[in-house]
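Remarks on the overall topology
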Amino acid sequence: MEHPDSILIVDFGSQVTQLIARRVREAGVYSEVVPFQSAEAAFARIKPAAVILSGGPASVVDAGSPRIPQAILDSGLPMLGICYGQQALTEQLGGKVEKGDSGEFGEAFITVEDGCALFDGLWAQGERHQVWMSHGDKVTALAPGFRVVATSPGAPYAIIANDERRVYAMQFHPEVVHTPDGAKLIANFARHVVGLTGDWTMAEFREAKIAEIREQVGSGRVICGLSGGVDSSVAALLIHEAIGDQLTCVFVDGGILRQGEAEQVVSLFRGHYNIPLVHVDAQEQFMGGLAGVTDPEAKRKFIGKTFIDVFEAEAKKIGGAEFLAQGTLYPDVIESVSFTGGPSVTIKSHHNVGGLPERMNMKLVEPLRELFKDEVRALGRELGLPDVFVGRHPFPGPGLAIRIPGEVTKERCDILRKADAIYLEEIRNAGLYDAIWQAFAVLLPVRSVGVMGDGRTYDSVLALRAVTSVDGMTAQAFDFPGDFLPRVTTRIINEVKGINRVVYDYTSKPPGTIEWE
């Protein structure tokens, strides 16, 4: 599909490429991310107004390293190169890049040496500004037609410009929050360099995705796996708007859901939206298969496989379905396998990404695959999803199974379910729910000696987790008011049999992940 008022982002394997798309969309401009391997075909298909070239782990001086398609270089369109993108532009346009003796990583300060369109209304000559660097190689000679407009001690060509060609490049990463003015630089590129008006909205995304879903599905039938979370709920509403009764939602209760989850989901989709919904009680199937399994990857893969087994069985009951719809988001994808097919590192598999069995007999429909959580919430509001669902904290597809390190049993799920409900109830009572990105409890495979009444106990330890985040890619532990944690600890120990100790997890992401498994 053509998007003539969009920006194409060519991914060279950076872990933060999708943040570029995020910044472009924040500037009100539609964007798509494509791997460098298929960039030429995507460029011809989309016919964008401009191209941004991402960072990446390769070295342009190495044989076989990724290259910018010649069709893009010859197009005459505006381009912005970031980190590896700057080096690839320089190398391919006749400049020189060399391996550095020492890299430049983390916070750095650049000096503005001259004006350019990227700086309009933002930076002035002679000013110093904080940026975030992450590079080993560096430009050592400019390509013809380029000039230096900003420098840093470790990067004498920190920002370069070819005003006539409307091609700009920078050694640092403007897309990350550690470059405070980075989003504004990207917005200046979109508006002042490219000349786009910045009037793209979530309503336009909605219409574009509806058209894509209709084109992909045709007259086929779709089963949507509802988890009860925001992602699958928004995906279901969007797909239902696109194809109506060709969609059947399947809600699988494997015994690993939060308290009251099943009742809420069934009421909303059957009652409020009148969307066909099959409610499957598969607790015995899930608990039986999880018995004795302690490896987190094995859990995820079993849960993914079992979900698909249930979906396929339900598809046969309704007369066959060719497609399985899921609420997969970009953070799920980038942590599982590279969305781009590039050399990004796998962190963990997700049940609806890396955990899917190879023999799955349905094609995937994943309309939210390029969105971050806050963008999904915005789309949910656009679709009229009630605030009680739109504002819910993220809940992983494998559910409570990955919040119980070690073996998952019905008894341990029941204990965790009750403790988690108390924790979230106290968070809501304190008026803190919307200030927290995600909060949940983890039942540890650790037993602790305690004293309750006049007796000795030897029961489980519960960990509480709460984080703040913008997009789930990075996160910080939430700092509760001083009396909150003692209060919730007392309630859990008093009300949940089987727990006698509660701890709080202060780990940020990175180095940890938000979930424990």
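Residues numbered from 1 in each chain as written. Predicted model: local features only at pLDDT ≥ 70, side-chain atom pairs only at ≥ 80, totals over all residues. Heavy atoms only, no water.

Some words on the state of the cysteines
- What the rule picks out here adds up to zero disulfides.
- Here Cys83 is not disulfide-linked; the sulfur of Cys116 is the nearest cysteine sulfur, at 18 Å.
- On the basis of relative accessible area, Cys83 is assigned to the buried category, the value being 4%.
- Unpaired in this structure, Cys249 has its nearest cysteine sulfur neighbour in Cys224, at a distance of 4.6 Å.
- According to the relative accessible area criterion, Cys249 is buried, its value standing at 0%. (Disulfide = S-S within 2.5 Å. Buried < 20%, exposed > 50% of the residue type's maximum accessible area, 1.4 Å probe, protein only.)

Description of the pattern of salt bridges
- Applying the stated criterion across every chain, the model contains 26 salt bridges.
- Measuring nitrogen to oxygen at the nearest pair gives 2.7 Å for the salt bridge that ties Arg147 to Asp163. Note that Arg147 is positioned in strand E9 (residues 147-152) and Asp163 in the loop between strand E10 (155-162) and strand E11 (167-170), a separation of 16 residues in sequence.
- Overall, the relative accessible area of 25% leaves Arg147 in the partly exposed class.
- Using a relative accessible area of 33% as the deciding quantity, one classes Asp163 as partly exposed.
- Salt bridges linked by common partners bring Glu425, Glu426, Asp483, Arg487, Arg491 and Glu495 together as one network. (Salt bridge = Lys/Arg side-chain N within 4 Å of Asp/Glu carboxyl O. Helix = DSSP H or I, 4+ residues; strand = E, 2+ residues; numbered from the N terminus.)

Quick word on the sheet that holds strand E14 (residues 277-281)
- Across the sheet, five strands lie side by side as E14-E13-E12-E15-E16; this open sheet has parallel pairing. The open sheet has two free edges, formed respectively by E14 and strand E16 (363-365), since each of these has just one partner strand. The sheet shows a mean angle of 30 degrees between the axes of neighbouring strands, direction not considered.
- Note that strand E12 (residues 222-226) and strand E13 (residues 247-253) share five bridges and pair parallel. Looking at E13, one finds that Val222 is bridged to Leu247. (Pairing = 2+ DSSP bridges. Axes fitted to C-alpha atoms, helices over the stretch in contact; angles between N-to-C directions.)

Section: the domain arrangement of the protein chain
- Per the domain assignment, the segments of the protein chain are domain 1 (6-193), domain 2 (202-391) and domain 3 (410-504).
- Placing the centre of domain 1 and that of domain 2 at their C-alpha centroids yields a distance of 35 Å. (Domains from an automatic or database assignment.)

Looking at the side chain of Ser233
- When you line up the elements, Ser233 lands in helix H7 (residues 230-243).
- A distance of 2.7 Å separates a polar atom in the side chain of Ser233 from the backbone oxygen of Gly229. (Polar contact = N/O pair within 3.5 Å; in protein donor to acceptor, adjacent residues only side chain to side chain.)

Focus: the nonpolar core
- Counting 94 residues, the largest nonpolar core has Tyr423, Ile427, Leu462, Leu464, Phe480 and Ile492 as its most contacted members.
- Looking at this core, the element that brings in the most residues is H7, giving nine residues.
- A domain split of this core shows at least three residues from each of domain 2 (202-391) and domain 3 (410-504).
- Non-local contacts of Leu464, meaning those with residues more than four positions away in its chain, are made with Tyr423, Phe440, Ala441, Leu485, Val488, Ile492, Val502, Val503, Tyr504 and Asp505.
- In terms of nonpolar packing, the next biggest core, distinct from the first, is built from 38 residues, Ala49, Phe119, Val131 and Met133 among them. (Core = buried A, V, L, I, M, F, W, Y, C linked by side-chain atoms within 4.5 Å. Contact = heavy atoms within 4.5 Å.)

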